[in-house]
Amino acid sequence: MNDVLRIGDTTPKTAPIAPNTEAPPLIEFQHVSVEYPNRVAVKDINVKIQEGEFVSIVGQSGVGKTTLIKLLSKQEAPTKGSVFVAGRNLADLRDREVPFYRRKIGVVFQDFKLLPQKTVWENVAFALEVCGYSQAEVARRTEKVLDLVNLGRRQKNYPHELSGGERQRTAIARALVHSPNILIADEPTGNLDPINTWEIIELLYRINQRGTTVILATHNRQVVDRTQKRVILMKSGRIVSDQHGGKYVI
Amino acid sequence: MSSKLQTFLRVFKLGYVNFWRNRWLTLGAALLMTLTLTMISVSLILTYVVRDSADAIRSKIDITVYFRDDTVPDTQITALQQRIETQPNVVTTHLVTKAEALTIFHRLAINEDIKKPVTTDNNPLPRSIEVHTANPDDISLVVNGLTAIDSDKIICDECVSYGQNKATIERLLSLTRFIQKAGILLSLFFGLIAIFNVLNIIRITIAARSDEIEVMRFVGASNSFIRGPFIIEGILYGVLGTFFTTLLILLTAWLVSPHISQFFSILSLDLYHYVLHLLAILIFWQLIIGVLLGALVSVISIRRYLRA
């Protein structure tokens, strides 16, 4: 796994990294199913995602997008099959390794999950503090990542003083502050108006262009049609299509 | 600053901040902790009171043999003392001279007007031997032996009344034991209820912050870092509970003390001073139990939020 600190990288890469299909996949789902006693969340999922890809997972609510994301962040475990990230089976991660694994993946949610009593700066810095970074390192990284999401001037504001787009940018900054290899966004634009939506999608592009693999779960047709990237379409817990430069077709 | 120390300081700060930010919940938890600790302290005090008063009462059962000033020379008394000491049931004997008796008399908590006329020159207090036996029941043997041989030398009112006292003393002792058992059972019962309440209120404080825990989890905080602030909070409940309990007990003892001074005269201390005398032990146990309980309950309550 590439451990380069991408946020500190001040020279943007000249071209988006072309996903290398020859290399071993960064993420691989092998015959993954999650079955509850009276419901099947996802069934026999087989997907490979290369490092540097921008993948949209689309489908209506309840088709299993969030389950896939929870599998990736190890909030859930497959009842059948295996999930590999950077060649490692997530089932083999020991409990105390999970926090360290989570620092390598950033997650963004529809409802932002910001702490209301903390400022923008504190929300982002908190993610570093809980992981034991030194105060100087916390300040350095927080500043850089707030610049990246263009929130430098709002750093002293509290979440309730921000627009939806700014809140989501704060959440993205927090997800990026560990320089994760993978950024997962679960319906990040679900609560946003069209303008803010584009702001967030543009930001995700930029992050992807810096080399971070981005996985975007959404049911927003316009977002997907404009991305012109790989689109995985899900229906009732199964993948029904997987195409590059794809569109949201039901 | 080493990173371990820095992490500890961060954890401590988070716990401390949470503690103050949720003032009302904190106060509720601390008061319930106070209730628990008060119950435990009451059991503890009762145990000590009964133990000490039983000791005191038993020591009163030991006999003192008084000698007539006119008929007995000092040499005979020492000889008698040696003879008593050789008896198998006797543990110790102590010879009280006239001078010593005078000091003891002047130390008694009685009217100064009564004390005043008694001086070294005018000292009617008799010499005596205090006899301590291993078992109070053996006293009668010693007494019988003494009265048979030396009855003319001994002022023997005590010897006669001993048998009657014994029954009263035994009744008093069994009553004290009953109070102790009933008190401890009641305290444990209420203590248990209080512990469940502490458990619940700490669960509520943790549930109120489940969002924060969730955020900490997905930004990659280790479980021990998440648990840390809650343990600090639990410990602070214990410390605060100890503080309140100590105040409460001292205040209660101070208010109640004059009303039950008669019973406590046995211990030659009133209740307030008795509790004061036990204070270090009480605070020690309150802190140990409060801190352990607070920390343990926090650890148990937060466990369900930390499953991967």
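Because the structure is a prediction, the values reported are computed rather than measured.

A. The arrangement of the environment of Arg203 of chain B in detail. All names here are of chain B. For Arg203, the position within the fold is in helix α7 (residues 157-207). Residue classification places Arg203 among the partly exposed positions, given that 16 C-beta atoms sit within 10 Å. Residues Arg203 and Ser298, 95 residues apart in the sequence, show an inter-C-alpha distance of 7.5 Å.

B. Examining the interface of chain A and chain B more closely. Between chain A and chain B, the contact holds 19 residues from the first and 15 residues from the second. Listing elements by their share of the side of chain A that touches chain B, those giving two or more residues are α2 (98-102) and α3 (120-129) of chain A. Element by element, the count of residues in the side of chain A that touches chain B is highest for α2 of chain A, at four residues. Grouping the amino acids of the side of chain A that touches chain B by side-chain chemistry returns eight nonpolar, four polar and seven charged.

C. View of the confidence of the model for chain A. All names here are of chain A. Mean pLDDT over chain A works out to 86, with 89% of the residues at or above the 70 mark. Highest mean pLDDT in chain A belongs to strand β4 (residues 80-85) (94); lowest belongs to helix α7 (residues 221-227) (80). In the model, residues 1-15 has pLDDT below 50 throughout and makes 22 contacts with residues more than four positions away in sequence or in other chains.

D. Focus on the pairing of strand β6 (residues 105-108) of chain A. Residues and elements named next belong to chain A. Here β6 shows two buried faces, one formed by Ile105 and Val107 and the other by Gly106 and Val108. Judged from the four bridges that link them, β6 and strand β7 (residues 182-186) form a sheet pairing that is parallel. Note that in β7 the partner of Ile105 across the bridge is Ile182.

E. Representation of the nonpolar core within the structure. In terms of nonpolar packing, the biggest core is built from 75 residues, with Val124, Ala173, Leu176 and Ile184 of chain A touching the most fellow members. Top contributing element to this core by residue count: α3 of chain A, with seven residues.

F. Fine view of the packing of helix α9 (residues 223-256) of chain B against helix α11 (residues 271-303) of chain B. Residue and element names in this part refer to chain B. It is at 7 Å that the axes of α9 and α11 come closest, and there the two elements cross at 155 degrees. With respect to α11, the element α9 is oriented roughly antiparallel. Judged by the sense of rotation from one axis to the other, the crossing of α9 with α11 is right-handed. A per-class count over the contact of α9 with α11 returns 22 nonpolar, ten polar and two charged.

G. Just the sheet that holds strand β5 (residues 88-89) of chain A, in detail. All names here are of chain A. The strand order across the open sheet formed by four strands is β2-β1-β4-β5, and the pairing between neighbours is antiparallel. At either margin of the open sheet sits one strand with a lone partner, and together these are β2 (39-49) and β5. By the bridge criterion, two bridges tie β4 to β5 in an arrangement that is antiparallel. When the bridges of β5 are listed, Val85 appears paired with Arg88. Strands β1 (27-36), β2 and β4 of the sheet are contacted by helix α1 (residues 65-72), whose axis makes an angle of about 60 degrees with β2.

H. Fine view of the environment of Phe126 of chain A. Mapping Phe126 of chain A onto the fold places it in helix α3. As for Phe126 of chain A and Leu115 of chain A, which are separated by eleven residues in sequence, their C-alpha atoms are 9.7 Å apart.

About the criteria used
- Residues numbered from 1 in each chain as written.
- Chains lettered and ligands numbered in written order.
- Predicted model: local features only at pLDDT ≥ 70, side-chain atom pairs only at ≥ 80, totals over all residues.
- Helix = DSSP H or I, 4+ residues; strand = E, 2+ residues; numbered from the N terminus.
- Buried ≥ 20, exposed ≤ 12 C-beta atoms within 10 Å, placed from the backbone.
- Contact = placed C-beta atoms within 7 Å.
- Nonpolar A, V, L, I, M, F, W, Y, C, P; charged D, E, K, R; others polar.
- pLDDT = per-residue confidence, 0-100.
- Pairing = 2+ DSSP bridges.
- Core = buried A, V, L, I, M, F, W, Y, C linked by C-beta atoms within 7 Å.
- Axes fitted to C-alpha atoms, helices over the stretch in contact; angles between N-to-C directions.
- Parallel < 35°, antiparallel > 145°, perpendicular 65-115°, else oblique.
- Left-handed = near helix turned anticlockwise from the far one by under 90°.

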